[in-house]
Amino acid sequence: MPNRGMRGSVLFIAGLMGVFGVAAAAAASHGTDPRLLGGASAMCLAHAPALVALHAGWAHFRTAAASALLLAAGTAVFAADLALRHFLGHGLFPMSAPLGGLMMMGGWLAVAMGAFLPSKERAQAPSTTV
């Protein structure tokens with residue numbers, strides 16, 4: 001399996017996103033303006049379980065690697081931009097939140113495309129027709 005290292009990294013990133021999502025939610029509840037950290041928390045807590053599911057179905061889901069990469073990177077860019085705006089008053093880089101959002105949408109489109117592609121086992125199974 002060529003993506004074995006990436007698969008393990010996806011689970012690790014999901015765990016970090018979960019931690020950051022809970023921490024951001026807690027920080028948002030204690031601040032005067034919870035909108036930015038609340039948004040970062042929501043994105044992390046929505047996408048971390050999706051990464052866990054992609055990790056679990058990795059061997060059966062043809063677009064798992066592309067989906068996971070786009071979802072993880074997009075969520076990281078988006079959440080980092082919102083967190084920096086909250087704590088430092090400026091974003092990660094110009095247009096980083098929209099870029100992260102587009103990457104997350106691309107990840108979900110990759111998930112949807114997986115419905116139309118054969119599973120990894122079916123694609124690798126020898127033909128039984130005579």
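Not measured: the values here are computed from a predicted model.

What counts, and at which threshold
- Residues numbered from 1 in each chain as written.
- Predicted model: local features only at pLDDT ≥ 70, side-chain atom pairs only at ≥ 80, totals over all residues.
- Heavy atoms only, no water.
- Salt bridge = Lys/Arg side-chain N within 4 Å of Asp/Glu carboxyl O.
- Buried < 20%, exposed > 50% of the residue type's maximum accessible area, 1.4 Å probe, protein only.
- Axes fitted to C-alpha atoms, helices over the stretch in contact; angles between N-to-C directions.
- Helix = DSSP H or I, 4+ residues; strand = E, 2+ residues; numbered from the N terminus.
- Parallel < 35°, antiparallel > 145°, perpendicular 65-115°, else oblique.
- Left-handed = near helix turned anticlockwise from the far one by under 90°.
- Contact = heavy atoms within 4.5 Å.

Q: Help me understand the pattern of salt bridges in this model?
A: If the charged atoms of two oppositely charged side chains come close together, the side chains can form a pair. As enumerated under the stated definition, the model contains two salt bridges in all. For R35, the salt bridge goes to D33, with nearest N and O atoms at 2.7 Å. Residue R35 is classed as exposed on the basis of its relative accessible area of 66%. Its relative accessible area of 31% is what places D33 among the partly exposed residues.

Q: Got a minute to help me understand the packing of helix 3 (residues 64–88) against helix 4 (residues 96–113) in this structure?
A: Two measures define how a pair of helices packs: the angle their axes make with one another and the distance between the axes. The contact between helix 3 and helix 4 brings their axes to 7 Å, and the two run at 155°. When the axis of helix 3 is compared with that of helix 4, the two are roughly antiparallel. Between helix 3 and helix 4 the crossing geometry is left-handed. Facing S67, L70, L71, A73, G74, T75, V77, F78 and D81 of helix 3, the residues of helix 4 in contact are S96, A97, G100, G101, M103, M104, G106, G107, W108, A110 and V111.

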